[in-house]
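Tertiary structure, described
Residue strings, one per chain:
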Amino acid sequence: MGGFSAISAGNGWLIAAMGISVVFFGLASLAFIITYFPRAIRWWNDHAKSPKYTVQLLRSLFSQRSRKAAVRADTREGHETGEFDDVEEALRLLTAHMKEPFKLPRLIEVAEQRGLARVHSKINRLLVKGTMVGGADGLFRWATPNETSKQSGSELLSGESHKD
Amino acid sequence: MIPIDELKKYEILAELDPAELKFLSAMAEATQAREGEVLIQAGLPARTLYILQEGDLMVAFPDGRAITLHKPGGVVGWSALVSPAGYTASVTCLTDCTFVTFSGSELLRLVQRNVAMGTKIMRNISKVLSRRLPFLQEEDRQRLRKGR
């Protein structure tokens, strides 16, 4: 006995199917873990601060619709969550390598090279919020917590000389 | 064509009288640009002056320094008034933007024909630029003075 009959006789097809399934589910699980790892880290960090956010996040794990609603709710309430937080974190990491104060065009260039989406509008949002500020020397830096709280609610501000 | 009422809202045109604004109104055009779009590339011939109507801009100088503009009335592309010249900085839209634009050559001709009007416009542009003085090199200042 040999060939296909030998495979059939030794349950070869079943074993092959099992092997394919194990690899498939292994890779799918790995992809799932990688996808949700940043959220899990954020949940871990925010858990003590905001139980409401945690509930929204858990819902969002099971429903795309509720995930969008949670993000919308966060935005309405002015919480710094979701994708925008990820971008801010990524930008902070990039600027940590560049040293402060940094050149804004260079930051945008590097962020785009790293594949961050819609970098321009996200940086603009940070500038308008006062999280990132421009100096009179044309270089930019992250605002200290004091500066951010002073500027929140103001129209803008990356330096008086920039407001024309 | 842009309505006179719209034009007189902007700082660089604020001192102009209605007759002068009427000339400019006929020359002005509305333009839009998308987030991330490079509106002006440093070094290229300066042909258009832009006044920001809505949106946010980054003006980046060749040495990597930059300023951001977030208020209506911000002027970019002033080199178009100092012909022949190239743009001294690159301008990128941080968000979707709308502009009032003027052809540099047409505006320059108008300014040369009407000295009083030219003086008012140049004075206001100088005012705007003086706020960006840390970023201007001596060469740019000299060109602006010659333009006056």
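As the structure is a computational prediction, the values presented were derived from the model and not from experiment. (Residues numbered from 1 in each chain as written. Chains lettered and ligands numbered in written order. Predicted model: local features only at pLDDT ≥ 70, side-chain atom pairs only at ≥ 80, totals over all residues.)

**So, the confidence of the model for chain A**
Residues and elements named next belong to chain A. Scored by pLDDT, chain A comes out at a mean of 75, with 66% of its residues at no less than 70. Every residue in residues 73–80 scores below 50 in pLDDT, and together they form six contacts with partners more than four places removed in sequence or on other chains. Throughout residues 152–164 the model reports pLDDT below 50, and contacts reaching past four residues in sequence, or to other chains, amount to 31 contacts. (pLDDT = per-residue confidence, 0-100. Contact = placed C-beta atoms within 7 Å.)

**Some words on the interface of chain B and chain A**
Facing the 24 residues of chain B at the interface are 22 residues of chain A. Going through the elements one at a time, strand E4 (57–60), strand E5 (66–69) and strand E7 (90–93) of chain B are the ones with two or more residues in the side of chain B that touches chain A. Tallying contributions element by element places E5(B) first for the side of chain B that touches chain A, with four residues. Partitioned by chemical class, the residues of the side of chain B that touches chain A number eleven nonpolar, seven polar and six charged. (Helix = DSSP H or I, 4+ residues; strand = E, 2+ residues; numbered from the N terminus. Nonpolar A, V, L, I, M, F, W, Y, C, P; charged D, E, K, R; others polar.)

**Quick notes on the sheet that holds E7(B)**
All names here are of chain B. Read across the sheet, four strands follow the order E2-E7-E4-E5 without closing on themselves; strand pairing throughout is antiparallel. Since the sheet does not close on itself, it has two edges, and those belong to strand E2 (38–40) and E5, each with one partner. Adjacent strand axes in the sheet meet at a mean angle of 25°, parallel and antiparallel pairs treated alike. Pairing geometry for E4 and E5, over four bridges, is antiparallel. In the strand pairing of E5, Ala60 is matched with Ala66. (Pairing = 2+ DSSP bridges. Axes fitted to C-alpha atoms, helices over the stretch in contact; angles between N-to-C directions.)

**Some points on helix H7 (residues 119–129) of chain A**
Residue and element names in this part refer to chain A. Across the eleven residues of H7, nine count as buried, placing the element largely inside the fold. Of the positions making up H7, those classed as buried are Val119, His120, Lys122, Ile123, Asn124, Leu126, Leu127, Val128 and Lys129. Of the residues one or two after H7, Gly130 is the one with positive phi, at around 85°. (Buried ≥ 20, exposed ≤ 12 C-beta atoms within 10 Å, placed from the backbone.)

**Some details on the nonpolar core**
If you look at the biggest cluster of nonpolar residues, it comprises 57 residues, and the most contacted ones within it are Leu49(B), Leu57(B) and Val59(B). Broken down by element, this core gets its largest block of residues, five residues, from H7(A). Beyond its immediate sequence surroundings of up to four residues, Leu57(B) is in contact with Leu52(B), Thr68(B), Leu69(B), Gly74(B), Val76(B), Val91(B), Cys93(B), Leu94(B) and Cys97(B). (Core = buried A, V, L, I, M, F, W, Y, C linked by C-beta atoms within 7 Å.)

**Topic: the confidence of the model for chain B**
Residues and elements named next belong to chain B. Residue-level pLDDT values for chain B average 84, and 87% of them are 70 or greater. Per-element averaging of pLDDT across chain B places helix H5 (residues 138–147) at the bottom with 53 and E7 at the top with 94. Overall fold confidence for the complex sits at a pTM of 0.64, while the interface term, ipTM, reaches 0.80.

**As for the packing of helix H6 (residues 104–113) of chain A against H7(A)**
Any two packed helices are characterised by how steeply their axes cross, that is the angle between the axes, and by the distance between the axes. Residue and element names in this part refer to chain A. At their nearest, the axes of H6 and H7 sit 10 Å apart, and the two run at 135° to each other. Taken as axis vectors, H6 and H7 run oblique relative to one another. Seen along the crossing, H6 lies across H7 with a hand that is right-handed. Where H6 approaches H7, its residues Ile108, Ala111 and Glu112 are matched on the opposing element by Val119, His120 and Ile123. Tallied by class, the residues present in the contact of H6 with H7 amount to four nonpolar, one polar and one charged. (Parallel < 35°, antiparallel > 145°, perpendicular 65-115°, else oblique. Left-handed = near helix turned anticlockwise from the far one by under 90°.)

**Regarding the sheet that holds strand E8 (residues 97–103) of chain B**
Residue and element names in this part refer to chain B. If you walk across this open sheet you meet the four strands as E1-E8-E3-E6, and the pairing is antiparallel. Both outer strands of the open sheet, strand E1 (29–33) and strand E6 (75–76), are each paired with one neighbouring strand and no more. Relative to E8, E1 runs antiparallel, the two sharing five bridges. Of the residues in E8, the one forming a bridge with Glu29 is Thr101. Against the sheet, helix H3 (residues 104–113) makes contact with strand E3 (48–54) and E8, and its axis sits at roughly 55° relative to E8, the strand it touches most.

**Overview of the environment of Leu21(B)**
Residues and elements named next belong to chain B. Among the secondary structure elements, Leu21 is positioned in helix H2 (residues 18–27). We classify Leu21 as buried; it has 20 C-beta atoms within 10 Å. Sequence separation of Leu21 and Ile2 is 19 residues, and the distance between their C-alpha atoms is 9.9 Å. Leave out the neighbours within four places in its chain, and Leu21 touches Ile4, Leu7, Lys8, Leu13 and Leu16.

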